[in-house]
Amino acid sequence: MTISETALTEIKDLLGPKGYITDPAAKALFMAEWRGRSVGSSPLVALPRSTEEVSALVKICAKHKIGIVPQGGNTGLVEGGIPDDSNSQLLLSLSKMDKLVEIDPLDYSMTIESGMPLYKAQEHARDHNRLFPLSLASEGTCTVGGNIATNAGGIHVMKYGNMRDLVLGLEVVLANGEIWNGLQSLRKDNAGLDLRNIFVGSEGALGIVTRATVKLFPRPRAVETIFVGFEDLDKGLRLLSKLREECGTSLTAFEIIPKAGLELVLKNIPDTRQVLDNIYQWHAVIECWHDTSLNDGIESGPLAQAIADGFEADLIVDAAVATSDSQKQDFWKLRENLSEAQREEGTGIKHDISVSCAKLPKFVAEAEKRVLAIHPGTRILPYGHAGDGNLHYDVIRPLDMDKDSFFALKQQMNDAIHDLIADMGGSIAAEHGIGALKADEMERLKPAIDISLMRTLKHSLDPHNIMNPNRVIKA
Ligand code: FAD
Ligand code: MLT
Ligand code: ZN
């Protein structure tokens, strides 16, 4: 049912002319999912400027039973941050709630409004000689609220954890408009159930995050960045295990890049260059962030030593040590553009999976067999956060196949990959979440008791199903 004129008038009166958008062209910017795969519609985009406005707005929506889709930077990859196409949901953008509330360098904590872009949160920390370690290729646009709602991962999870590990306190507007203020910077608080973590990763389906207190860290004293080439994934994972042993908790990133992926980036992304003598079957960007300075210089740091041992053990065939920031950026450009490079080929059938690290080679080998059995000419890109057991497994259209025929294979490809993941005890949503895109798939694969518990939680916190309806868990 569409949103009534009465409700729209109440919303406009509440927010005032600067607090909402109805112009179709201006609204359109909020309605398309990042990859452009799907587009939603809403009669109005709400731009609240405070927790109190969000609360009052939710009360109007609760009264009129209007579904609310919260949106941060709209970089989500599971269609969770855009409305459906029924034109009956309200898009609530947090983009005007982007202020720094408080930063306490002594306490290593910072409180911000949830619409703050991630890169701004990183900057505020840096301005106070502190580190906010979450880092994603979308950090120029994604918001801390969206990071919390999706429990974002990124490239530093090995050392600093997911967003869940970085949140100390939350302020959330609940489905009845009440404000839960759980903002605090305590590192220990076992007084009752863990309310904070119910909302982290809930993708807007349980409440709207309006402010957050996050952990800060000391800035690293030295960073080693090395780009390696290796011939098979087994050896790559044995190298990872060795590095964990030899570098301990300073090991911060282990991001893998397959041959086909590196070739696509070099072909489609400007200002990229090969950083090794050759292109190998596999590559990895590896980083160690050290809490103490390296007395003997970056080229003989613990990671460089461990990589030398990796050569001895015949685990790698080539390596380059970054001795300047520009070299470091060259290495990261090859990794962070793996998604962008695909767009030139017409975005693929993408998966965001995780298994235990040691099982990655088995997954990649078996998945390739299953995908090629569906269509032999398919190009496959397994890449990303191998250190967390998380790969982006993107299946790309063969050059001699038209888009429609290729995407007609989507369900078959998804079933093949997701059934394999289920058999291996892995996850089909390692870091991007479920959104609208994977809600059915999750119900198909998760045990009934998991779904029933999620539904119980959803019903008790959002009995009228107005919080991001049909995302994550269907009412
Ligand atoms: P949006 O897309 O606006 O929303 C995402 C979800 O959160 C939606 O369900 C929305 O309803 C909900 N939401 C947003 N704000 C709030 C709020 N304040 N309260 C309640 N719910 C809210 N993700 C990773 O984890 N790791 C990566 O390495 C990574 N790399 C990426 C690279 C690129 C190029 C792109 C485009 C995306 C990448 N992502 C990655 C996915 C995406 O950036 C993350 O999921 C990010 O956390 C989304 O933040 P956002 O502000 O854009 O959220
Ligand atoms: C990444 O790690 O590059 C993203 O999570 C994957 C993507 O953008 O598809
Ligand atoms: Zn990722």
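Whatever comes next refers back to the structure up there.
Model, not experiment: these values are computed from the prediction. Numbering of residues starts from 1 in each chain and follows the order in which that chain's sequence is written. Labels are handed out in written order, letters beginning with A for the chains and numbers beginning with 1 for the ligands. Totals for whole chains, interfaces and linings use all residues, but because this is a predicted model, local features are given only for residues with pLDDT of at least 70 and pairs of side-chain atoms are given and counted only at 80 or more. Side-chain descriptors were evaluated using all non-hydrogen atoms of the structure, hydrogens and water having been removed beforehand.

A. A look at the side chain of T75. Comment: elements are numbered from the N terminus, with helices defined as DSSP H or I runs of at least four residues and strands as E runs of at least two. In this structure, T75 sits in the loop between β3 (67-71) and β4 (89-93). If sequence neighbours within four positions are ignored, T75 has contacts with W34, S138, T141 and C142. The contact criterion used is simple: two residues touch if any of their non-hydrogen atoms lie within 4.5 Å.

B. Examining empty space enclosed by the protein more closely. Buriedness for pockets is judged along seven lines, at least five of which must meet protein on both sides within 12 Å for an open set on the 1 Å grid over protein atoms alone, while cavities are sets there where a 1.4 Å probe fits but cannot get out, and lining residues have an atom within 4 Å of a point. Grid points are joined across faces, edges and corners, and a volume is the space filled by probe spheres set on the points. Scanning the model with the defined rule gives one cavity of 30 Å³ or more in all. Here the largest cavity is characterised by a volume of approximately 30 Å³. Forming the boundary of the largest cavity are 13 residues, of which I155, M158, F254, E255 and D388 lie nearest the centre. Elements represented by at least two residues in the lining of the largest cavity include exactly α6 (157-160) and β13 (251-258). It is β13 that provides the largest number of residues to the lining of the largest cavity, a total of four residues. Here the lining of the largest cavity is built from residues that sort into six nonpolar, five polar and two charged. All amino acids are sorted into three groups, where Ala, Val, Leu, Ile, Met, Phe, Trp, Tyr, Cys and Pro are nonpolar, Asp, Glu, Lys and Arg are charged, and the leftover types, Gly among them, are polar.

C. Structural view of the environment of V275. Within the fold, V275 resides in the loop between α9 (259-268) and β14 (282-290). Working definition: with a 1.4 Å probe on protein chains only, accessible area under 20% of the residue-type maximum means buried, over 50% means exposed, and in between means partly exposed. Classification of V275 by relative accessible area gives buried; the value is 14%. When neighbours within four sequence positions are excluded, V275 is seen to be in contact with F227, A320, D330, F331 and L334.

D. View of the pairing of strand β5 (residues 100-104). Bridge analysis of β5 against strand β6 (residues 109-113) gives four bridges, and the strand direction is antiparallel. Counterpart to L100 in the pairing with β6 is I112. Only when DSSP finds a minimum of two bridges between them are two strands counted as paired.

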